[in-house]
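Secondary and tertiary structure notes
Spelled out from the first residue to the last, the chains are:
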Amino acid sequence: MRLVQGNEAIARGALYAGARFYAGYPITPSSEVAEECSVVLPRMGGMYIQMEDEIASIAAVVGASLAGAKAFTATSGPGFSLMQENLGFAVMAEVPCVVVDVQRSGPSTGLATKPSQADVMQVRWGRHGDQAIIALCPASVRECFELTVQAFNFSETYRTPVVLVADEVVAHMRESLRVPEEGELAIIDRKKPSVPPSEYKPFEADEDGVAPLAAYGSPRVFHVSSSMHGPEGFSNNDPANAARKIDRIHRKLDMHRDEIVMTRSFDADDADVLVVAYGITVRASRAAAREARSKGVNAGVLQLQTLWPFADNEIRRAAAGARRVIVPEMNYAGQVAGEVQRVLGPERDIRGVNSYNGQILWPRDILETIMA
Amino acid sequence: MTVFTQGLRYLKEGVTPHMWCPGCGNGIVLSALLRAFEELAYSNEETVVVTGIGCWGKADDYVVTNGFHGTHGRALAFATGMKAFNPRLNVVVLMGDGDAVTIGGNHFIHAARRNIDVTAIVVNNFNFGMTGGQVSATTPLGMATSTTPYTNPERDFDICALADVAGANYVARATPWHGFELEANIREALRKKGFSVVEVMSPCPTHYGKYNRMGTPVEMLRKIREMVLPHEEYARLGPAQKKSYFPTGKLVDRDEPDFNTRYDEVRSRAMKD
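What you see is a predicted model; the values in this text were computed from it and never measured.

**Focus on the domain arrangement of chain A**
All names here are of chain A. Structurally, chain A comprises domain 1 (2-177) and domain 2 (264-371). Summarising the inter-unit geometry, the C-alpha centres of domain 1 and domain 2 are found 26 Å apart. With 22 residues of domain 1 at the interface, the matching set in domain 2 holds 19 residues. If you list the elements that add at least two residues to the side of domain 1 that touches domain 2, you get β6 (111-115), α5 (120-125), β7 (134-136), β8 (161-167) and α7 (168-172). For the side of domain 1 that touches domain 2, the element with the highest residue contribution is α5, accounting for four residues. Per-class residue counts for the side of domain 1 that touches domain 2 are 16 nonpolar, three polar and three charged.

Shown next as structure tokens:
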């Protein structure tokens, strides 16, 4: 047990999950992930490589993953914007990989050292074209570790990129962390093909919607493409094939949404006032809800550990008996509040508490809206 | 007994005729590459052909080795990840002048600086063929394209000079006119440990040739031949004359340690730490 920074916990979680390749470009407030990897990965026979920009970083991660590595990168808003096209490649070519986005205040260079939660929609919709993605969001140093492990597991299980959406505060604060023993947390490796090499098709999915993935250099020769492709991985412009592919990259997440969507409930079950929160804001929300209870208002918190796919069912359930739902978040537009309104309907009393000046939300900011 | 198939054993079945226009140099470059694969006895399993986007970027569709068709300009960055993680792979990156030195210029100079052990075969046809003949970073000053109708106000990159100063271990230039030399250069580049580049100056009669009235495909190929001189002859020219030609053949041949060798040294230092 020792005091560990969130970014270091992310790096440690990645290595625990089996990551052996990191490619990245330094950016505040994520750089400690890179620094930690540059120390530890070469000792383990892995590789840390600093690329020329974030476009190249995610590209190298994708390349290494197809060569068989569990691979990842870490960045912040400006770098995450640059990664979008090749992240879309990873969605299209179904390449397991993890991208850590430690959110900072924007737009553009913005308040480069200050926290924000304004990348929620970019994480979901930042790439062109129809695509789906998994995004997890830690609220503590311990979750930085555990959700990073989970991010790799999801990425390997569903052959899809996963974004770990942290924020500057979670990434830079220090809390005690007990690193789990080997074997304590489940580690999942991608499904390998078992058919003879001549029969292997890199995009022919099993019943679970996921196709086994070989590695370059293994006996199974294969082809992947950014262009629309058939089960063999070669270009295929047939409309029926295109529809099948787009349908499947959505369906393989949809059909497993109950395993992917993770929430935590803090007195949410009997809450008259429900606070839906994610990331560092969960901490202030829990303090505010506790204080509201001491003042006689039944408040509770539903924490979204999974941001995408969105927790429609869980929010609907938790909010069933609530007269008011509050969504505190560090962005102007209420990026998650809008989703909550979509889920619960326009007639429900949903209030945002928003901070967009680089300052975190305090319990009193949230308490005020609970008590109002 | 092994029968030499002129590279045909690496050509995917049922994909010909290929999509390239009559008079394009790509088919000649591909056949030289596949013959070089065969002479070096490359295995399909340990070879990855990596492409970006463009006419030459369709070449991965025609080979039986592992293939990777990525995004525009980023082929070298994807390839870097593959080779860095698995040094046993033969990673061959096929790019046009757009992929290599226009949108992807940053990755090109950094791949050379890093000396990653991959081979880049850059087909330079002086314009963006796939999208209809627009100007590229290798379109010479004063030439016409579909987006420089009053001629190009910008100067062009010299791909080989760029690779040289950025630190590539092997740099050569060839043309489809010189098929055997081209194949020899590709073979040497594939064999070379470290970053290696073969630039192939190639005709695009459909667009670049049309905009600049360069005649039939054969006439255009002849014009390209007239633009180049073997580097030994080129070296004997005066500074003024040199401006009229590009040197061909092997221009750079070094044996600096490649990235993976250097990184192994980092690993040993880290493990002692």
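**A word on the confidence of the model for chain B**
Looking at chain B as a whole, the pLDDT averages 97, with 100% of positions reaching at least 70. Confidence metrics for the complex model read pTM 0.98 and ipTM 0.97.

**Looking at the sheet that holds strand β12 (residues 273-277) of chain A**
All names here are of chain A. The sheet built from five strands is open, its strands ordered β11-β13-β12-β15-β16 with mixed pairing. The open sheet has two edge strands, β11 (263-266) and β16 (350-354), and neither has a second partner. With strand direction ignored, the average angle separating the axes of adjacent strands in the sheet is 20 degrees. When strand β15 (residues 324-329) meets β16, the two strands line up parallel, connected through five bridges.

**Side note on the nonpolar core**
Counting 205 residues, the largest nonpolar core has L164, L274 and V276 of chain A together with M82, V93 and I121 of chain B as its most contacted members. Residue-level mapping places this core at the junction of two domains, with at least three residues from each of domain 1 (2-177) and domain 2 (264-371) of chain A. Beyond its immediate stretch of four places on either side in the chain, L274 of chain A contacts A268, G300, L302, A318, A319, A322 and V325 of chain A.

Cut-offs and rules
Residues numbered from 1 in each chain as written. Chains lettered and ligands numbered in written order. Predicted model: local features only at pLDDT ≥ 70, side-chain atom pairs only at ≥ 80, totals over all residues. Domains from an automatic or database assignment. Contact = placed C-beta atoms within 7 Å. Helix = DSSP H or I, 4+ residues; strand = E, 2+ residues; numbered from the N terminus. Nonpolar A, V, L, I, M, F, W, Y, C, P; charged D, E, K, R; others polar. pLDDT = per-residue confidence, 0-100. Pairing = 2+ DSSP bridges. Axes fitted to C-alpha atoms, helices over the stretch in contact; angles between N-to-C directions. Core = buried A, V, L, I, M, F, W, Y, C linked by C-beta atoms within 7 Å. Buried ≥ 20, exposed ≤ 12 C-beta atoms within 10 Å, placed from the backbone.

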